[in-house]
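Here are the chains, one letter per residue:
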Amino acid sequence: MHPVRRGCWIRGAMRGAWRIIRGLMGKRLWIRVNGTVQGVGFRPFVYRIAVGRGLAGHVRNLGDAGVEIEVEGEAGAVEGFVVALREEAPPLAAIETVLVEAIAPNGETAFSIIPSAGDGSGGGTLPPDVATCDPCLHDIENPESRYCDYWATSCTDCGPRFTVIEGLPYDRPATSMEDFPMCPACARAYKDPLDRRYHAQTIACPDCGPRLSYTEAGDTPEGSPLAGAVEALRAGKIVAVKGIGGTHLACRATDVDAVAELRRRLARPGQPMAVMALPETLEAFCEPLNEEWALLRSARRPIVAVRLKPGALAPAVAPGLHTVGVMLPYTGLHHLLLKRVDAPLVMTSGNYPGLPMAVTEEEILRDLGDVVDGVLLHDRRIVARCDDSVMRMAGGTPVFLRRSRGWVPEPIPVDLGEAPLLALGGELNVAFALYHKGKVHLSQHIGDTDHLETLDFLEEAIAHLRRIAGVPAPIQVICDLHPGFNTVRLAGELGDAVPVQHHVAHVAGLAAEWGVHELVGVAVDGYGYGDDGGAWGGEIIAWKDGRWERTGSLMEVPLPGGDLAARRPGRMAASYLAAAGRDLAGSGLGADEREAVRFQLQAGVNTPPTTSAGRFLDAVAAWLGLCATRTYEGEPAMRLEAVAAAGRPHEVPITRGLGSGRELLDTVDLFRQLAGLRNKGVSVADLAATAQQALGQGLACMAIEAARVQGVPVVGLTGGVAVNDAVAWAVRREVEQAGLRFIAHRKVPPGDGGLAFGQLAAIAWRSSDTRLDR
C-alpha cells in the first residue's frame, strides 16, 4: 500500500476538475486512469511525456483497473506531466476517470513501462478496430520503408484491436498476433520509446508478420497474391477478400455484368451492396454532405448511406434506391487493392443471406467457393467476427443502422445497479448487450437468429465478450416478450429470463441514452409483440421513471396472412384498400392472390390486427407499384423513400380519434386521402413524399398531445422507421414547433440493433435503487 497523503477523484477531462490536483503536487504522484486506455498507445504516450520532462517512475496496465502511473520529479515538471496527460492523450484514448494520490518519493532516476498486472480475466475498457493512420499509409507507400506495400502495417494509433483480442490486459500474447514472433527489426521498434510502434501489439512487417495468399479454383497463379487478386478484379471476376473482422465479396462496382453475377450467385436479388473507394474518387459516383464526409473520414470508418449519382455505378449495386452505402478503405490491404484496381469496389459481407460471415479459410472455401472466382486470404486468425458499421443522416442527425466495427466493444457508461445483466434483443438484426460495473457493452452485429448458425454465433460472441470484459454470469437474462423467438428460448437456458415489451424497450433505451426520466416516445417499426398479444409497430409510449403507458397508436388494420403480409406488401395494400372502401385491384397482387386476400379479409381468417408503421409504408409502396415482393428487411419502405426523394409532399388532413383507451391515428383515412390525390393526377413521387410526411406529422401530433397531458417536456423518436429521413424530419419539426424538446438516438441504433440496450434500461428501472446517467 502506498502511504497516501492526499487523494482525489477527477471525473472526465474537464479543465476545472483537473485544476483540483494542483493542491496535490508533490515530488511523486500515484495516478490511476480509467477509460479506453488499453490498445491505444496510452502507455507509450505516458512514457514519452514523462521522459520528456525528466521524470522518473513507471506505467503499467492493470486490466479491469485501467492504467497505473507513478511519476517523481520537480513539482513543476510533475504538474506539466498531468496537464499533458489531459491535453495530449492519443487520438484513440478516452479518459473517463483519474485517481491522483501524493505518495512518498523513492529516489528512482528513470521512467519505464513495466509488465502488466492482472490475471487476464478482463474487465478493462476495450478498444475497437480503427482505420490505418496516415503515417502508416505513408510507410506503405514509401519505397524506402521496410513496410512498403505491406498489407498489415499498423502502429499504436491504428489497426485491429477487438477482432484480435482474446483477453486483457492488451498485450501481444493475448492476441492472435501471438502466432507471429517479431523479427529483430520489429522487436527493436517495439522496444524503442521514440518509435511510433513502441509497444504496438500488432506490429508486423513482411519478414515476420501475417502473409497473403491468393488462389483460383485451388490453383495459385504466378506472381504476388495481391497482383493475382488485382488482375482478377480488373478482369471482371469476383474475389473473396479476408479482412480484419470477416470477409468481403469484391468486384468492380462499375462492372454491370460482375455485379449482376455476384447477386445471382449469392441469391441476394435486391439488398444494397456497400462500395469502397478512395476519397479522391468518391464524388464521381455519389454526393456526400459535409456531415457525411466527417463520418467517412473518421478513424472508425463506417459505411455511410449517401446520395447516389444516377448511372455512375452498375445499377445492381443499389437497385431502386437513391442512396448507396459507401466507405473509405480502412486497412492497408484495402488501400493497396484500390490503388491498383483503380476503380470503386463492391465490398459486401461474405455470407449467404441470414448466415454469419465466413472468417476462417475453411469457411471461406466451403461456404463461398461457388460464389467467388478467387480467394485473397491472410493467415492471421480473426478472434471476433465483426461486420462493418452502417450510418446515415436522418432528421439532421447521424444515426446507426448497424453499430459494429469501429465502435464495438466500446462501452456506453450507464448506472444500472450492481448486478451483472445480459440482454439478447429480439429475433432480427440482433446485437446483445452485457452490463457490468456501470458500463453497457453492446455487441457487434449478430444477425437474424432464426438460423441455427447465427444462434451458435450469438452464444460464441456472448462467451467471448464476457471473457474479455470480465463480466460474471448474469443474474438475469432479458429478452423480448414474443414467446416464439429463439432468443427467448436461449434466455431461459442461460439464466432467469425476464421479458420486456419490444417498444417499451426502444423507448427505455432512448431515455437511457439521454439521461431523461420522463419521455413520450414515438416507437415505430415493422413489428413488436404487444402485451395484448397484438402486432404493434406504430406506438406512442409515455415513459415516467420506469412506468409506461400506451397513450396512442396507429389504427388497427388486418394483417392478411400474418407474416406473409410482410413478405408480400401487396397484401397490406389490399388490407388498406378494403378498409378504405377501394377496389383491391390497386394492390398490385395477381388475381388469384387478390381473391385469396379478399376472402381472408371478409371471413377474418388469419388476419391479426396490426398497428405497424412499417406495414403502412409497405402498403403505400406496393400500391404505388414500387415493391411487389420484399427480398430483404425494409425493402418496400426504402424504395418508397427513394422515390419520395424526388417528390414534393402535399398537405392532407390528418384524422385522429379514440379507441381501446388510447388515441388513434387514422391511417385508413390517410390512405383514402392518398387515393384521392392519385385520382387527381398527383405523381407517384409526390404521393410517396406525402405518405411519409403525413405519417410523421400524425405520430408527432399524438405524441405532443400525450406530452401535454402527461406534463412531459421531451418527445423522442425510436424504432426501425426512425431511420427514414423524411419521417424523422416530420416528427422533429412538429415537436420543436410545439416548443418541446426532441431527442433521437445517438449512441445505439434506433432499430433492433439497439433493442438489447433498451431492454437493460427497462429492467434497471424496475429497481428503485438504480439510476440512469447521461
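Draft legend 1. Fine view of the overall build of the chain. The helix and strand inventory of the chain stands at 23 helices and 32 strands. The C-alpha radius of gyration computed for the chain amounts to 27 Å, which stays within 12% of the reference 28 Å derived for 774 residues, consistent with globular compactness. Judged by the C-alpha coordinates and their principal axes, the chain covers about 90 × 65 × 45 Å. Looking at the 774 residues of the chain, the share that counts as buried comes to 61%. When contacts within the chain are restricted to residue pairs at least 6 apart in sequence, long-range pairs at least 24 apart make up 72% of them. Surface summary for the chain: the accessible area is close to 28400 Å², and the carbon and sulfur share equals 50%. Positive and negative side-chain charges of the chain, numbering 77 and 91 respectively, have mean locations separated by a distance of 4 Å.

Draft legend 2. Highlighting the sheet that holds strand S23 (residues 496-500). Here we have 6 strands laid out as an open sheet, ordered S18-S21-S20-S19-S22-S23, and mixed in their pairing. On the outer flanks of this sheet lie strand S18 (412-413) and S23, each paired with one strand and no other. The pairing of strand S20 (residues 433-436) with strand S21 (residues 439-442) spans 4 bridges and is classified as antiparallel. Its bridge partner being in S21, Leu 434 is matched across the sheet by His 441. Along the sheet, helix H13 (residues 486-494) contacts strand S19 (421-423), strand S22 (476-480) and S23; its crossing angle with S22, the most-contacted strand, is approximately 170°.

Draft legend 3. Examining the environment of Tyr 527 more closely. Relative to the helices and strands, Tyr 527 resides in strand S24 (residues 518-529). C-alpha of Tyr 527 to C-alpha of His 441: the two residues are 86 residues apart in sequence and 25 Å apart in space. Not counting the four nearest positions on each side in its chain, Tyr 527 is found in contact with His 482, His 502, His 503, Ala 535 and Trp 536. A distance of 3.4 Å separates polar atoms of two side chains, one belonging to Tyr 527 and the other to His 482.

Draft legend 4. Structural view of the pairing of S24. Counting buried positions along S24 gives 9 out of 12 residues, so the element sits mostly inside the fold. Here S24 runs beside strand S25 (residues 535-544); their pairing, made up of 9 bridges, is antiparallel. Bridged to Val 522 within S25 is Ile 540. Once S24 ends, the chain turns through 5 residues before running back antiparallel as S25, passing Gly 533 with a positive phi of about 85°. Inspection of the sheet shows S24 paired to strand S31 (residues 714-718) by 4 bridges, in the parallel sense. For Val 520, the partnering residue across the bridge sits in S31 and is Val 715.

Draft legend 5. Inspection of the packing of aromatic side chains at higher detail. Throughout the structure, instances matching the rule amount to 10 aromatic pairs. Seen from their ring centres, Trp 623 and Phe 671 are 5.1 Å apart, and the 50° between their planes marks the pair as tilted. Taken as a pair, Trp 623 in helix H18 (residues 613-623) and Phe 671 in helix H20 (residues 667-679) lie far apart in primary sequence, 48 residues in all. The pair Trp 623 / Phe 671 is uniform in exposure class, with both members buried. Among the aromatic side chains, those forming a connected cluster through ring pairs are Tyr 576, Phe 616, Trp 623 and Phe 671. Taking the ring centre of Trp 623 as reference, the NZ or CZ of Arg 678 above it sits at 4.7 Å. Here Arg 746 stacks its cationic end above the ring of Trp 514, 3.9 Å away from the centre of that ring.

Draft legend 6. Molecular detail of the packing of helix H12 (residues 452-469) against H13. Running from N to C, H12 and H13 cross one another at 40°; their axes reach a closest spacing of 12 Å. Overall, the two elements H12 and H13 adopt an arrangement that is oblique. Both H12 and H13 take part in a crossing whose hand is right-handed. In this structure, H12 uses Leu 455, Leu 458, Glu 459 and Ile 462 to contact H13, whose residues at the interface are Asn 486, Thr 487, Arg 489, Leu 490 and Leu 494. Within the contact of H12 with H13, the residues separate by chemical class into 5 nonpolar, 2 polar and 2 charged.

Draft legend 7. View of unusual backbone geometry. In this model, Val 408 is joined to Pro 409 through a cis peptide bond whose omega is 10°. Take Pro 409: it is sitting in the loop between strand S17 (397-402) and S18. One non-glycine residue with positive phi stands out, namely Asp 149, at about 65°. In this structure, Asp 149 sits in the loop between helix H4 (134-141) and helix H5 (184-191). By relative accessible area, which is 41% here, Asp 149 ends up partly exposed. A positive phi is found at Asn 606, a non-glycine position, where the angle reads about 50°.

Draft legend 8. Layout of the packing of helix H16 (residues 570-579) against H18. The contact between H16 and H18 brings their axes to 7 Å, and the two run at 95°. When the axes of H16 and H18 are compared, the pair comes out roughly perpendicular. In contact with Gly 570, Met 572, Ala 573, Tyr 576 and Leu 577 of H16, H18 contributes Arg 615, Phe 616, Ala 619, Ala 622 and Trp 623. A per-class count over the contact of H16 with H18 returns 8 nonpolar, 1 polar and 1 charged.

Draft legend 9. Main features of the side chain of Ser 612. With respect to the helices and strands, Ser 612 occurs in the loop between strand S28 (609-610) and H18. Under the relative-accessibility criterion, Ser 612 is labelled buried at 2%. Only 2.7 Å separates the side chain of Ser 612 from the backbone oxygen of Gly 526, close enough to count as a polar contact. Within the structure, Ser 612 has its side chain in polar contact with the backbone nitrogen of Arg 615 (distance 2.9 Å). Beyond its immediate chain neighbours, meaning those up to four positions away, Ser 612 contacts Asp 525, Gly 526, Ala 535, Gly 537, Gly 538 and Leu 554.

Draft legend 10. Broad picture of helix H6 (residues 225-234). Among all positions in H6, only Leu 226, Gly 228, Ala 229, Val 230, Ala 232 and Leu 233 are buried. On its buried face, H6 sits against strand S7 (212-215), strand S8 (239-242), strand S9 (247-252), helix H10 (332-341), strand S14 (345-349) and strand S15 (374-378). In the stretch just after H6, Gly 236 is the one whose phi turns positive, near 85°.

Draft legend 11. View of the pattern of salt bridges. Per the counting criterion, the structure on display carries 37 salt bridges. The shortest N-O distance in the salt bridge between Glu 410 and Arg 300 comes to 3.2 Å. Taken together, the residues span a long stretch of sequence, with Glu 410 in the loop between S17 and S18 and Arg 300 in the loop between helix H9 (290-297) and strand S12 (303-308) at a distance of 110 residues. Its relative accessible area of 18% is what places Glu 410 among the buried residues. Among the ionic pairs, Asp 669 bridges to Arg 672, the shortest N-O distance being 3.1 Å.

About the cut-offs
- Residues numbered from 1 in each chain as written.
- Predicted model: local features only at pLDDT ≥ 70, side-chain atom pairs only at ≥ 80, totals over all residues.
- Heavy atoms only, no water.
- Helix = DSSP H or I, 4+ residues; strand = E, 2+ residues; numbered from the N terminus.
- Rg over C-alpha atoms; globule rule 2.2 N^0.38 Å.
- Buried < 20%, exposed > 50% of the residue type's maximum accessible area, 1.4 Å probe, protein only.
- Contact = heavy atoms within 4.5 Å.
- Areas by Shrake-Rupley, 256 points an atom, 1.4 Å probe, with all protein chains shown as cover.
- Lys, Arg positive; Asp, Glu negative; His and termini not counted.
- Charge placed at Lys NZ, Arg CZ, Asp CG, Glu CD.
- Pairing = 2+ DSSP bridges.
- Axes fitted to C-alpha atoms, helices over the stretch in contact; angles between N-to-C directions.
- Polar contact = N/O pair within 3.5 Å; in protein donor to acceptor, adjacent residues only side chain to side chain.
- Phe/Tyr/Trp six-rings, centres within 6.5 Å; stacked < 30°, edge-to-face > 60°.
- Lys NZ or Arg CZ within 6 Å of the ring centre and 35° of its normal.
- Parallel < 35°, antiparallel > 145°, perpendicular 65-115°, else oblique.
- Left-handed = near helix turned anticlockwise from the far one by under 90°.
- Nonpolar A, V, L, I, M, F, W, Y, C, P; charged D, E, K, R; others polar.
- Salt bridge = Lys/Arg side-chain N within 4 Å of Asp/Glu carboxyl O.

Geometry only, nothing functional implied.
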